[in-house]
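Chain by chain, the residues:
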Amino acid sequence: MWRGGRMRMDRNSIVVTGASGWVGREVCRFLLEEGERVVALLRRPEEGPWSASCLASLEDFETPSVELAATLSEAVAVIHCAAHVHRPLETAVERSSFHAVNAQGTHTVVRACREFGVERIVYVSSISGYDWGAVPATGAEEDGALSPGSVYAATKLQGEQAVQDSELDWRIVRLATVFGTGDKANFAKLAAAMAKGRFIVPGKGTARKSVIPVRLAARIIGRLAMLESVPHRLMNVGLPIAPTLAEICEAFSVVCGFRPARRVPVSVLRIGGRVGDVAASILGRFPLTTGTLRRLTTSTHVDTMRLREVFPGEVFPTFGEALSEAREYYCSFMAPRAGAGPDASDTPSVPPPASVKSVPIPAE
């Protein structure tokens, strides 16, 4: 139940924006299991792990409807998960959406929270804004150099600033790469490529990648909304031990039975990347480019000291342990062997997500 001190009698709920999204839904599920009254903000009606729902988009926060106003007036906290997520290609349309949702949308949510007396806001951000070329060996720290390399990253930082300037009781989580059951992003692409033997590890694959299982991320986000006070209000959220790219691939091979990823010298891939740049300029996108190679060979790991100080009793799994919990889901990317009967198939009875396509080297 609520651990944020004495709850005001007229406020008895936690509102979650982006509740129908992958992370948002898991946050709602955690809060509901903890006995909280969870109100999901949805763009269209749907069932889910929440106590009640309110139909509203971020644009509706500009001039809240009677229903949205009442929902916010009863909320003790808002968890802002809604976002326009990262895309491999940032077209003009995508860039406009990043600004409208991640930056301006967060401004309107903050303004509405203040107008209707919501005391606390938890903002779900990203580690993508760090200057990875200036990161110490221990990983990027929250007060470290920022250098957003994409419009997505820049607009998430703008959202952070709006929250910090809000005068509310704010908490910001910078999520590392999320993985687990339901994934349709980076690790889903990696699994699809490895299942077909098409993923390539550049060199020794020593670049470290901060990651976080989706259910653990949801638990941390939900608990931040429930705590009365925290020693740190801005924190990186990732596993304390960031695996290398080679270790990630090895874990997928061991846990899911995928064949080991091939290792190719970086010097060879640089040549292929330049060829890929030309192909991408003609085709619009291509699996191997110099940009893809740079992302795969650059360490993007963060320091998690603040996270562990806020949650000293939290037990963090290794990447392999967390991956094992999502084994059935990621194994679903493995196609049955040709001519094999039902008993001979290595594929569990979970259909692979239709929206995920296999690529030789997925972009991060």
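Scroll up to find the structure this text is about.
Since this is a predicted model, take the numbers as computed values, not measurements.

Enquirer: Honestly, the overall build of the protein in this entry has me stumped. Any pointers?
Expert: Assigned secondary structure in the protein consists of 12 helices and 11 strands. Pairs at least 24 residues apart make up 76% of the contacts formed inside the protein by residues separated by at least 6 positions. On the protein, roughly 16800 Å² of surface is accessible, and the fraction owed to carbon and sulfur atoms is 53%.

Enquirer: In this structure, what is going on with a nonpolar patch on the surface? I would like to understand it.
Expert: Together, V278, I282, L283 and F286 line one region of the surface with nonpolar side chains, adding up to about 430 Å² of accessible area. Mapped onto the fold, L283 is located in helix 8 (residues 266-283). Since its relative accessible area comes to 60%, L283 is described here as exposed.

Enquirer: Honestly, the nonpolar core in this entry has me stumped. Any pointers?
Expert: Generally speaking, a soluble globular protein has its nonpolar side chains buried in company with each other. The biggest cluster of nonpolar side chains holds 76 residues, and the ones touching the most others in it are I79, F199, F252, F319 and Y330. With nine residues, the single largest contributor to this core is helix 6 (residues 214-226). Counting residues in hydrophobic clusters, the runner-up holds 26 residues, among them F61, V109, I121 and W170.

Enquirer: Would you take a moment to explain helix 8 for this structure?
Expert: Note that an α-helix has 3.6 residues per turn; residues three or four places apart therefore point the same way. For helix 8, which comprises 18 residues, the first-to-last C-alpha distance of 24 Å matches the rise-based estimate of 26 Å (1.5 Å per residue) to within 8%. Tucked inside the fold, the buried residues of helix 8 contact strand 8 (200-202), strand 11 (262-264) and helix 9 (290-297). Following helix 8 by one or two positions, G284 has its phi on the positive side, about 100 degrees.

Enquirer: How do you make sense of the pattern of salt bridges when you look at a structure like this?
Expert: Between side chains of opposite charge, a pair can form when the charged atoms approach closely. Following the criterion strictly, the structure yields 13 salt bridges and no others. With a closest N to O distance of 2.7 Å, D143 and R306 form a salt bridge. Here D143, found in the loop between strand 5 (120-126) and helix 4 (151-164), pairs with R306, found in helix 10 (residues 305-310); they are 163 residues apart in sequence, far enough to count as distant. Between R223 and E314 there is a salt bridge, with the nearest N and O atoms lying 2.9 Å from each other. Of this pair, R223 sits in helix 6 while E314 is found in the loop between helix 10 and helix 11 (319-325), placing the two residues 91 residues apart along the sequence.

Enquirer: Help me understand the packing of aromatic side chains, please; the structure alone is not making it clear to me.
Expert: Evaluated as defined, the whole model comprises 12 aromatic pairs. Between the aromatic rings of F98 and Y152, the centroid separation amounts to 5.8 Å while the plane-to-plane angle is 65 degrees, which identifies the pairing as edge-to-face. Here F98, found in helix 3 (residues 92-115), pairs with Y152, found in helix 4; they are 54 residues apart in sequence, far enough to count as distant. Since its relative accessible area comes to 0%, F98 is described here as buried. For Y152, a relative accessible area of 12% gives the class buried. Relative to F319, the ring of F252 lies with its centre 6.2 Å away and its plane at 55 degrees, an arrangement referred to as tilted. Placement of the pair is F252 in helix 7 (residues 245-256) and F319 in helix 11, with a sequence separation of 67 residues. On the basis of relative accessibility, which here comes to 0%, the residue F252 falls in the buried class. Pairwise contacts between aromatic rings join F179, F187, F252, F258, F319, Y329, Y330 and F333 into one cluster.

Enquirer: Mind showing me how you'd approach the side chain of T300 here?
Expert: Structurally, the position occupied by T300 is in the loop between helix 9 and helix 10. When near neighbours in sequence (up to four residues on either side) are disregarded, T300 contacts I127, W132, R208, K209 and S210.

Enquirer: Honestly, the pairing of strand 5 in this entry has me stumped. Any pointers?
Expert: Each regular strand displays side chains that alternate between the two surfaces of the sheet. Here strand 5 lies mainly inside the structure; seven of its seven residues are buried. Relative to strand 5, strand 4 (residues 75-80) is paired through four bridges, and the arrangement is parallel. Residue V78 lies in a different strand from strand 5, and its bridge partner there is I121. Relative to strand 6 (residues 169-175), strand 5 runs parallel, the two being bridged by seven bridges. Each bridged residue has a counterpart across the sheet, and for R120 the counterpart in strand 6 is D169. What joins strand 5 to strand 6 is helix 4, and the crossover it makes is right-handed.

Enquirer: Would you mind showing me how to read unusual backbone geometry here?
Expert: Leaving glycine aside, a negative phi is the common case for residues, and trans is the common case for peptide bonds. One non-glycine residue, E167, lies in the positive phi region at around 70 degrees. Inspection of the secondary structure assignment puts E167 in the loop between helix 4 and strand 6. The exposed category is assigned to E167, whose relative accessible area is 69%.

Enquirer: Can you help me understand the sheet that holds strand 10 (residues 234-237) in this one?
Expert: The pairing of strands in a sheet comes from backbone hydrogen bonds and takes either a parallel or an antiparallel form. Pairing in this open sheet of seven strands is parallel, and the strands run 3-2-1-4-5-6-10 from one edge to the other. The open sheet has two edge strands, strand 3 (52-55) and strand 10, and neither has a second partner. The average undirected angle you get between the axes of adjacent strands in this sheet is 20 degrees. Strand direction decides the pairing type here: strand 1 (residues 13-17) and strand 2 (residues 38-42), joined by three bridges, are parallel. By the bridge assignment, V16 is partnered in strand 2 with A40. Docked against the sheet, helix 6 engages strand 1, strand 4, strand 5, strand 6 and strand 10, running at close to 150 degrees with respect to strand 5.

Criteria and cut-off values
- Residues numbered from 1 in each chain as written.
- Predicted model: local features only at pLDDT ≥ 70, side-chain atom pairs only at ≥ 80, totals over all residues.
- Heavy atoms only, no water.
- Helix = DSSP H or I, 4+ residues; strand = E, 2+ residues; numbered from the N terminus.
- Contact = heavy atoms within 4.5 Å.
- Areas by Shrake-Rupley, 256 points an atom, 1.4 Å probe, with all protein chains shown as cover.
- Patch = residues over 30% accessible without salt bridge, like charges linked within 9 Å, V, L, I, M, F, W, Y side chains within 5 Å.
- Salt bridge = Lys/Arg side-chain N within 4 Å of Asp/Glu carboxyl O.
- Buried < 20%, exposed > 50% of the residue type's maximum accessible area, 1.4 Å probe, protein only.
- Core = buried A, V, L, I, M, F, W, Y, C linked by side-chain atoms within 4.5 Å.
- Expected span 1.5 Å × (residues − 1).
- Phe/Tyr/Trp six-rings, centres within 6.5 Å; stacked < 30°, edge-to-face > 60°.
- Pairing = 2+ DSSP bridges.
- Right-handed = clockwise from strand over helix to strand, strands pointing away.
- Axes fitted to C-alpha atoms, helices over the stretch in contact; angles between N-to-C directions.

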